[in-house]
Each structure stands twice: as C-alpha cells, then as structure tokens.
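Each chain, letter by letter, is given below.
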Amino acid sequence: MTTLTGEMLIGSSSIRGSDAEFHAVNPATGERMEPAFGGGTRAEVDRACDLAWAAFDAYRETDAESRARFLEAIAQAIIDIGDPLIERAMAESGLPRARLEGERARTAGQLRLFAEVLREGSWPELRFDTPLPDRKPLPRPDLRQRHIAVGPVAVFGASNFPLAFSVAGGDTASALAAGCPVVVKAHPAHPGTSELVGRAVQAAATACGMPEGVFSMLVGTGNQIGTDLVAHRHIKAVGFTGSRRGGLALMGVAAARPEPIPVYAEMSSVNPFILMPGALARRAEAIGKGFVGSLTMGAGQFCTNPGLVLAVGGDGLDAFLAAAADALGGVQPATMLTPGIHAAYTAGLEKLAGNPTVREVGRGCACNGPNQSQAALFVTEAASFLSDPALEEENFGSSSLVVRCPDLATLRTVVEHIEGQLTATIHMEESDTGEVRALLPVLERRVGRILVNGYPTGVEVGHAMVHGGPFPATSDGRTTSVGTLAIRRFLRPVCYQDLPQALLPEALRDGNPLKLWRRVDGMLTRD
C-alpha cells in the first residue's frame, strides 16, 4: 500500500490519532505536505503496549527460523514499496535519491543479517554446568542457562536516517530478532516515510502469522507521547538515536519508573580526527581534501561526523588548513533535515564565530534556499579549548573545530579531556607508530571505534562493528546500535537449576535437539 492515510498502526489496525494534527514539511521548499497525521494520546500508547505485552510470551518462543523469515519478509516488503518510498523520503528529509536508495539497501541488509544471526544459533549463549552429585563437601546441581528476550521495546525513529535508524531500522531489527515486540515512536519529520515502512512491517507480521502485538507504530509531535511510552509498565527497554537533551530526558523517565528500565540512547559525539606529525609532513593536502568530503557528506548530519580536529601546530597543519579551506570554498550549500536542525546549526556557527578565541578558517558557498547549511571550519588553541566547555559542544552539521596543540603531550592532554565519543580517527605514517601506541590506551577509554587513515562517516553493518561509546556518546558504552552485537541489548540470562527435561526449553534439553552451539563445562560444542 502506497496511499498515505495519516494513521497510526497498532497491531493489525490503522487508527486515526485524536491529538493535534500535524504535517510533514519539505525542508527544501518549506511547503507543508499532505496528508495530515493525527497525533497519538495515552489511549493509543496503552493499546499498543498492552498488545505488545499480550504477544510477548508467544513471540519470544517462536523458533529461530520463523523469526528469521519474518525479518526477511519485512526486508522484502520494504524493497517492494519501490519508488514511492524513496520519493516520499526525499521530500520529507531533503536527502538525495542515491543516499536514500543506499539507506534502503542498508535497512533491508541489516534485517537479513539478523535473520542469519538467528539461523547461526549462538545468540542465546547457552551454558551448562553438568551435575556433580558426588562432589564434596557439597554436590553441584544441574545448571543450564540461556538468554531470553527482555520484553516489549520502545524504539524512537531518528531524524537523520529516515530508514536505517527508524521504523524498521537497526533497533527494531535487533529487538525483533531477540524476540521482543516493538512499539515505534515515528519521527515527526518524516511521518509519511514512517507510515509506508510501518505498513510493510505490519503486512509482514500478518503474512508470517506473528502475534498481533508484535509491532505497532505511534505518531505525534509533542514530548508527551514519548514520555508515556517509556513510562508504560509493559515497556522493558528503549532504543533511541537523537540529541543529548532528548536522550537524557528519556533516561530520566525510565529511571523514575517503579521498575526502572534500560535506555540505549545514542546522543552526541564530535568524533576527534587526529593528525600525527608524520602524516601531516607527507600528505597534509590530501588529508585536508578528504576531511572536507567527510565533513560535508549529507550536510554533516551524521553522528560520526568529524567535528573536532587535533594536531600539533606547524607547517604540516598549516598545509592541511589551507587545503581544507580551499576544498570548502567549492562546497555547495545543502538542505538540512528539518527547519529546527537548520536553526540549531546556524546558531552553533554564530556561537563559534563570535568566540574571541576562535578563528574562522574557511566556509562553503553561500546559501541560496531555505534550510540550507553552509559548511565551515574554525581553529583555536589547545589552552582555549581546555578552558572553555562551550568549544566541546557538538554542532550537528558540516562544521568542525581544529585544536592547535603546541606538542604531542598537549594533544594527549586534550584527548584525555574530551567526553566519550563514538569514533576517533588517526592519520599516521610508520614514523608515528610510537606516539600512536602511547595514545591508543587513552582512545580506548574514550571511544567505541578507532580508525586509522580513514574517515569516520560511514558505518559498516557487520559482526565486528561497534557504533557506541562512553557517555555521552551513548547511555551505555558496553553496547552498540549497529552490527549483530546489538541483539545483546534486548536479551537477559536465565538459569534453570535441576529442571526436569519436560520443563526445560528445547534449546537446553539433553541431546541438543536444535543442534545449537552450547558451552558445556566451559567448552564450546555443538555435540
């Protein structure tokens, strides 16, 4: 179905919200888009969460193959929407076709990847301590452990990825793979895109015979519907990608519940981009041009955007700055995702430009349309950066701040000083190996992903990827929101002691009837 109705999707039903109506806005033109969407209220939150809870026990015990086919059916249903999905997403986000077609492929790909995870079978992390009835002074009982789904999960769609971090994005895919029903709060910037994808998920659930409450999608513009969702007694975990303020607010709601629950929030990161002396001496100009390409990709609206550059002052850094300024001069303005994001970015530029310790290095071409961003690069001294917390703030968009350090010891002090980050990038040559080796332990404490001689924008969806980091990059630095490890956020261990075979889950029964990987007395085996 490609005709938009402006309705919420609750279980197998479509429901018109009774709260204030709202429209999507085309950020490239400022035009209001049809149809009007009816915002949800506490009544719709209750209905969606009650359905999710009713579905939970049945859904979490569906066999892995059935859940894998469900995820694959969602992926195919999204692909089958075809051009109407891309066109609506383009209109609602200002993002170009190629970017959105790639994001659609990523969305389908990560759903299919989690289907592979389910079929491979190690995700429940089965463990056995075989009984030792004759052990002295006390016998050891029969202990068996598996991981089960935590319960219904609330997922908040992100503004900057209307497909891959939204209704059927990584949080939804990993939660459904774990056996958790999902209630999505769609992002109000792209409700039409969300409805199209939501209907694809809804159709796949019906076609695969899944319990009705396995998926619901709510819409609304205010904070109340999201607050009510996180506070609901049937929600047991939250997946969120967005601002630090939004993430902290949801964490506060979750912590204040009679039963506190985890919020897995990805919030803010400036992703330090570190230039070592050897790299600057050999290829400063090339790095400068590549850096600007990364900085301005997608109008800089990536959570891994390189918003902070660290380097030792000298001829090499001067060459980098000159090359970056030259490259910036040819960067055309780009439409930002929403008027609100554009306003915040513009205010951030003005704040940096007005700081007396900051000097402007270069800007992109002037804006010529609504909600466009002008790329910018600034520089400050390490002493100013270390003494002014405002210089550490993320400015979501295509601007970056270069911190000029007098020596490598100061550079290391700056790295020690910065908050938790998603990524850190190091450009180095072999001659820099010793200095980088000394810096690595500091970076490991500060970030979730360390890159060498690359650019942080772009996150591979795979088994080894970590898209997370210490606070405030995320609310829980032990987790990732991208890659197969993301499933662990929505699982918890349960131990079964001396249960009869007839009562044990099939995965824990003698003889390994499901042929899964199991750790028996510390040894991994499939026997």
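Each residue is numbered by its place in its chain's sequence as written, counting from 1. A pLDDT threshold of at least 70 governs which residues receive local features in this predicted model, and a stricter bar of 80 or more applies before side-chain atom pairs are shown or counted, although totals over entire chains, interfaces and linings include all residues. Heavy atoms throughout the structure, all of them, feed into the side-chain values; hydrogens and water do not.

As recorded in an unreviewed UniProt entry, the chain goes by 2,5-dioxovalerate dehydrogenase and comes from Azospirillum thermophilum. What UniProt states about the chain under its Sequence similarities (unreviewed entry) heading is, verbatim, "Belongs to the aldehyde dehydrogenase family." Here is the UniProt Subunit (unreviewed entry) comment for the chain, exactly as written: "Homodimer." UniProt positions are given in the numbering used here, feature names are shortened, and annotations may be inferred rather than shown by experiment.

Colleague: Mind showing me how you'd approach the overall build of the chain here?
Modeller: On a plain count of helices and strands, the chain comes out with 14 helices and 23 strands. The globule rule used here is 2.2 Å times the number of residues to the 0.38 power, and the radius of gyration it is set against is calculated over C-alpha atoms. Compactness check: the chain gives a C-alpha radius of gyration of 25 Å against a globular reference of 24 Å for 527 residues, within 12% of the reference. Projected onto the principal axes, the alpha-carbon positions of the chain cover approximately 75 × 65 × 40 Å. Across the 527 residues of the chain, 57% fall into the buried class. Whether two residues touch is decided by their heavy atoms; if any such pair falls within 4.5 Å, the residues are in contact. Intrachain contacts of the chain at a sequence separation of at least 6 include 75% that bridge at least 24 residues. Counting from the N terminus, the helices are DSSP H or I runs at least four residues long and the strands are E runs at least two residues long. Buried means the residue's accessible area, taken with a 1.4 Å probe over protein chains only, is under 20% of the maximum for its type, while exposed means over 50%, and partly exposed covers the values in between.

Colleague: I keep staring at unusual backbone geometry and nothing clicks. Help me out?
Modeller: Among all residues save glycine, negative phi is the norm, and among peptide bonds the norm is trans. Cis rather than trans, the peptide bond between E34 and P35 has omega equal to 5°. Following F471, the chain continues to P472 via a peptide bond in cis, the omega torsion being 5°. Within the fold, P472 resides in the loop between strand 20 (447-452) and strand 21 (491-497). Of note, the phi angle at E125 is positive, near 50°, even though the residue is not glycine. You can see E125 is positioned in the loop between helix 4 (97-120) and strand 5 (126-129).

Colleague: Is there a simple way to explain the side chain of H232 in this structure?
Modeller: Examined against the element boundaries, H232 turns out to sit in the loop between helix 7 (224-231) and strand 10 (237-241). Looking at H232, the relative accessible area reads 2%, which means it is buried. Apart from the residues lying within four places of it in its own chain, the contact partners of H232 are V45, D46, C49, D50 and R257.

Colleague: Looking at this structure, how should I read the domain arrangement of the chain?
Modeller: Much of the literature gives interface size as the accessible area that the parts lose upon coming together. Reported domain spans reflect what an automatic or database domain assignment gives. Domain parsing of the chain yields domain 1 (39-267 + 477-489) and domain 2 (272-452). Reported buried area values correspond to the accessible surface (1.4 Å probe) lost by two parts on association, with both partners' losses combined. Carbon and sulfur atoms supply 57% of the area buried between domain 1 and domain 2, which totals about 880 Å² over both sides. For the domain 1 face of the interface with domain 2, the top three residues by lost area are S159, N160 and E266, together amounting to 40%. Should a side-chain nitrogen of Lys or Arg be within 4 Å of a carboxyl oxygen of Asp or Glu, the pair is scored as a salt bridge. At the boundary of domain 1 and domain 2, one finds one salt bridge. Residue R244 is joined to E419 by a salt bridge in which the shortest nitrogen-to-oxygen separation is 2.8 Å. For the purposes of these results, a polar contact is taken to be a pair of N or O atoms within 3.5 Å, where, inside protein, one atom must be able to donate a hydrogen and its partner to accept one; residues adjacent in sequence count only when each atom of the pair is a side-chain atom. Taken together, the links from domain 1 to domain 2 amount to two residue pairs in polar contact (both at pLDDT 80 or more). Considered class by class, the residues forming the side of domain 1 that touches domain 2 number four nonpolar, four polar and four charged. Here the term charged refers only to Asp, Glu, Lys and Arg, the term nonpolar to Ala, Val, Leu, Ile, Met, Phe, Trp, Tyr, Cys and Pro, and the term polar to all other amino acids, Gly among them.

Colleague: Quick question: what am I supposed to make of the UniProt feature "domain: Aldehyde dehydrogenase" (unreviewed entry) in the chain here?
Modeller: Mapped onto this numbering, the UniProt entry gives "domain: Aldehyde dehydrogenase" (unreviewed entry) at residues 19-461. End C-alpha atoms of residues 19-461 are separated by 37 Å, and the span's content is 45% helix alongside 18% strand.

Colleague: Teacher, can you tell me more about the sheet that holds strand 2 (residues 13-15) here?
Modeller: Within the open sheet, the seven strands sit side by side as 2-1-9-8-7-10-11. Their pairing is mixed. In this open sheet, the two strands that pair with only one neighbour each are strand 2 and strand 11 (263-266). Ignoring which end each strand starts from, the neighbouring axes of this sheet average 20° apart. Pairing between strands is defined by DSSP: at least two bridges between them are needed. Strand direction decides the pairing type here: strand 10 and strand 11, joined by four bridges, are parallel. Counterpart to V238 in the pairing with strand 11 is V263. Under this scheme, a helix contributes an axis fitted over its contacting stretch, all axes are lines through C-alpha atoms, and angles between N-to-C directions fall in the 0 to 180 degree range. Across the sheet, helix 6 (residues 191-207) lies against strand 1 (8-10), strand 2 and strand 9 (215-218), angled at about 165° from strand 9, the strand it touches most.

Colleague: What should I look at first to understand helix 9 (residues 277-296) in this one?
Modeller: Residues separated by three or four positions in an α-helix point in the same direction, a consequence of the helix having 3.6 residues per turn. Take the residue count of a helix, subtract one, and multiply by 1.5 Å to get its expected span. With 20 residues, helix 9 should reach 28 Å at 1.5 Å per residue; the first-to-last C-alpha distance of 25 Å falls well below that figure. Of all the bends found along helix 9, the most pronounced is centred on R283 and spans about 95°. The set of residues buried in helix 9 consists of G278, A279, L280, A284, I287, G288, F291, V292, S294, L295 and T296. At its buried positions, helix 9 is contacted by strand 12 (272-275), strand 13 (308-312), helix 10 (315-328), strand 17 (376-381), strand 18 (399-405) and strand 19 (421-427). Immediately beyond the C-terminal end of helix 9, within one or two residues, lies G298, with a positive phi of roughly 60°. Consider a residue and the seven residues that end there alongside the seven that start there; fitting an axis to each set, the bend is the angle between those axes.

Colleague: Even after reading the chapter, I still don't get the packing of aromatic side chains, so can you show me in this structure?
Modeller: Geometrically, a pair of aromatic rings is defined through the distance of the ring centres and the angle of the planes. Any two rings among Phe, Tyr and Trp, with Trp reduced to its six-membered ring, count as a pair given centres within 6.5 Å; such a pair is stacked if its planes are under 30 degrees apart, edge-to-face if over 60, and tilted if neither. Overall, the coordinates contain 10 aromatic pairs when judged by the stated rule. Centre to centre, the rings of Y59 and F70 are 6.3 Å apart; their planes meet at 85°, and the pair counts as edge-to-face. Of this pair, Y59 sits in helix 1 (residues 42-60) while F70 sits in helix 2 (residues 64-81), and the two are 11 residues apart along the sequence. F70 carries the same exposure label as Y59, and that label is buried. On the basis of an interplanar angle of 55° and a centroid distance of 5.3 Å, the ring pair of F161 and F165 is categorised as tilted. On the accessibility criterion, F165 (8% relative accessible area) is buried. Connected via pairs of aromatic rings, a cluster forms that spans F273, F291, F320 and Y455. The criterion is that NZ of a Lys, or CZ of an Arg, lies within 6 Å of the ring centre and within 35 degrees of the ring normal, and then a charge sits over that ring. Directly above the ring of F56 sits R60, whose terminal nitrogen or CZ lies 5.5 Å from the centroid. Over the face of the ring belonging to Y59 we find R67, whose NZ or CZ atom lies 5.7 Å from the ring centre.

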